[in-house]
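Spelled out from the first residue to the last, the chains are:
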Amino acid sequence: MVSESAKLAKEKGNEAFKAGDYPTAIGHYTTAILADGDDPTFYLNRAAAYLKLGKNEDAERDSTKVLSLNPNNVKAFFRRGQARRPLGNFDGARQDFNEALRLEPSNISVKNELADLEKASREMQAKPVPRRRRVPIEVIEPEADKPPATKDEPLLQPVLSRDLRPETTLETKEQLPRKPQTFADAEQARASKDVRVSGGIFRPSGNHTIVTRRANEASREPTSGTADTAPVRSPMTLFDFTKSWNSLETDEARWKLMRTIPPSSLPALFQASLEPDLLKSILHTFQAVCNPSTRSAVRDYLTALMRVQRFGTVMLFMDKGERQRLESLRQEVESL
């Protein structure tokens, strides 16, 4: 029996499909599939939305899934044939249309698609195959009176008479400092120096002014852990959000960053640029901070996140564990 959440998601997908908002419709149909993956209607509706966007590979995959659940589904054969034709699979499309006609001999839409397919196939066969132009190649024989160059004779003659190799003697090599081979050697070499050059003025005369600092001078670099305790500012762009999100190490700090953004602003912030890794990290943070005091806020953010354009498409790249995480999180926040 279909769950209520799956029915609600399907109805929202149908409304978005009728309004011409096919990406949003795909997202709602995907939510319905996550709630109930055994209902072929959800896959069939999503295949129709994919066809509207020209995503023929996805439409073919969903139609095949419908036929695995319901082998005699006429619409699944019809939509898979529609998806295979632009992909150049004329034989597969013809087979699907013929199977749909076998199940419904009076279906006018299938007959029209089959007729268009046959016409396109004949036109493709009637096109002449372009002939390749043959270009004659003239073989030039080497001069008989000129002997070929031997191995001892160089092909290129040097322009300068002096030796171009650097004059590096054994004494010079011994004076050069040994390059560190590992990070530990480099750290030891830096620690052994008493003075480090931090800047200055370099003059052509050789009288340079060098500014030095002592090796035991206190470092001005910030200590670790300040990123999570610093005041959190609301990011203005997705780039700023992603940069701030990845710089934070704890779920509490990331939740604090998320709270600076109103839930209604998430679709405009992500638009069509939501990536699977970022979505996986956000869902992990939502689940980690979800408790009785934050459950209402997590629900608002999760609902807004599911309205992002590519949410349904991104969920296709998630593994089974991540999809189960989303479903368990939805059930937890809806239990208010």
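Everything here concerns the structure above.
Since the structure is predicted, the reported quantities are computational estimates derived from the model, not experimental observations. (Residues numbered from 1 in each chain as written. Predicted model: local features only at pLDDT ≥ 70, side-chain atom pairs only at ≥ 80, totals over all residues. Heavy atoms only, no water.)

### Some details on the overall build of the chain
Across its full length, the chain holds 17 helices and 2 strands. The buried share among the 336 residues of the chain stands at 31%. Put simply, 57% of the contacts in the chain that link residues at least 6 apart link residues at least 24 apart. (Helix = DSSP H or I, 4+ residues; strand = E, 2+ residues; numbered from the N terminus. Buried < 20%, exposed > 50% of the residue type's maximum accessible area, 1.4 Å probe, protein only. Contact = heavy atoms within 4.5 Å.)

### Description of the packing of helix H3 (residues 40-52) against helix H4 (residues 56-69)
Taken N-terminus to C-terminus, the directions of H3 and H4 make an angle of 160 degrees; their axes are 8 Å apart at the nearest point. With respect to each other, H3 and H4 are oriented roughly antiparallel. Here H3 and H4 pass one another in a crossing that is left-handed. Side by side, H3 and H4 meet where Pro40, Tyr43, Leu44, Arg46, Ala47, Tyr50 and Leu51 of the first sit next to Asn56, Asp58, Ala59, Arg61, Asp62, Ser63, Lys65, Val66 and Leu69 of the second. (Axes fitted to C-alpha atoms, helices over the stretch in contact; angles between N-to-C directions. Parallel < 35°, antiparallel > 145°, perpendicular 65-115°, else oblique. Left-handed = near helix turned anticlockwise from the far one by under 90°.)

### Here's the deal with the pattern of salt bridges
Tallying each qualifying case throughout the model produces 11 salt bridges. One salt bridge connects Arg94 with Asp91, and the closest N-O pair in it is separated by 3.1 Å. Here the residue Arg94 and the residue Asp91 both occupy positions in helix H6 (residues 90-103), the gap between them amounting to 3 residues, near one helical turn. For Glu118, the salt bridge goes to Arg94, with nearest N and O atoms at 2.7 Å. In this pair, Glu118 is assigned in helix H7 (residues 108-126) and Arg94 in helix H6, connecting sequence segments 24 residues apart. Of the residues examined, Glu118 reaches a relative accessible area of 26% and is grouped as partly exposed. Three or more residues joined by partner-sharing salt bridges are found here, namely Arg46, Asp58, Arg61 and Asp62. (Salt bridge = Lys/Arg side-chain N within 4 Å of Asp/Glu carboxyl O.)

### With respect to unusual backbone geometry
Backbone geometry at Gln271 places phi at a positive 50 degrees, although glycine is not the residue there. For Gln271, a relative accessible area of 48% puts it in the partly exposed group.

### Brief notes about the nonpolar core
Grouped together as the largest cluster of nonpolar side chains are 35 residues, with contacts concentrated most on Phe241, Phe270, Phe286 and Leu305. Contributing elements (two or more residues each) for this core: helix H11 (238-247), helix H12 (251-259), helix H13 (266-270), helix H14 (276-289), helix H15 (295-305), helix H16 (311-315) and helix H17 (320-333). Those residues in contact with Phe270, other than ones at most four positions away along the chain, are Leu238, Phe241, Leu278, Ile282, Leu305 and Val308. Membership of the second largest hydrophobic core comes to 22 residues, among which are Ala32, Ile33, Tyr43 and Phe78. (Core = buried A, V, L, I, M, F, W, Y, C linked by side-chain atoms within 4.5 Å.)

### With respect to helix H2 (residues 22-35)
Look at H2: 20 Å from first C-alpha to last across 14 residues, which is about the 20 Å you get at 1.5 Å a residue. Across the 14 residues of H2, 10 count as buried, placing the element largely inside the fold. What H2 keeps buried is the set Tyr22, Ala25, Ile26, Gly27, His28, Tyr29, Thr30, Thr31, Ala32 and Ile33. Buried positions along H2 lie against helix H1 (4-18), H3, H16 and H17. (Expected span 1.5 Å × (residues − 1).)

### Overview of the environment of Gly20
Note that Gly20 resides in the loop between H1 and H2. For Gly20 and Lys52, which are 32 residues apart along the polypeptide, the C-alpha to C-alpha distance reads 9.0 Å.

### Let's talk about H4
Under the 1.5 Å per step criterion, the end-to-end length of H4 is 20 Å for 14 residues, consistent within 8% with the ideal 20 Å. Turning to H4, its buried residues number three or more, namely Asn56, Ala59, Asp62, Ser63, Val66 and Leu67. In an axial view of H4, the angular spread of the buried residues amounts to 145 degrees, which keeps them on one side of the axis. Away from its buried face, by an angle of more than 90 degrees, H4 presents the exposed residues Glu57 and Ser68. The inward-facing, buried residues of H4 abut H3 and helix H5 (74-84). (Arc of directions from axis to C-beta.)

### Points about the side chain of Ser121
Of note, Ser121 is situated in helix H7. Exposure remark for Ser121: the relative accessible area of 11% places this residue in the buried category. If near-sequence neighbours (up to four positions away) are discounted, Ser121 is found in contact with Phe90 and Arg94.

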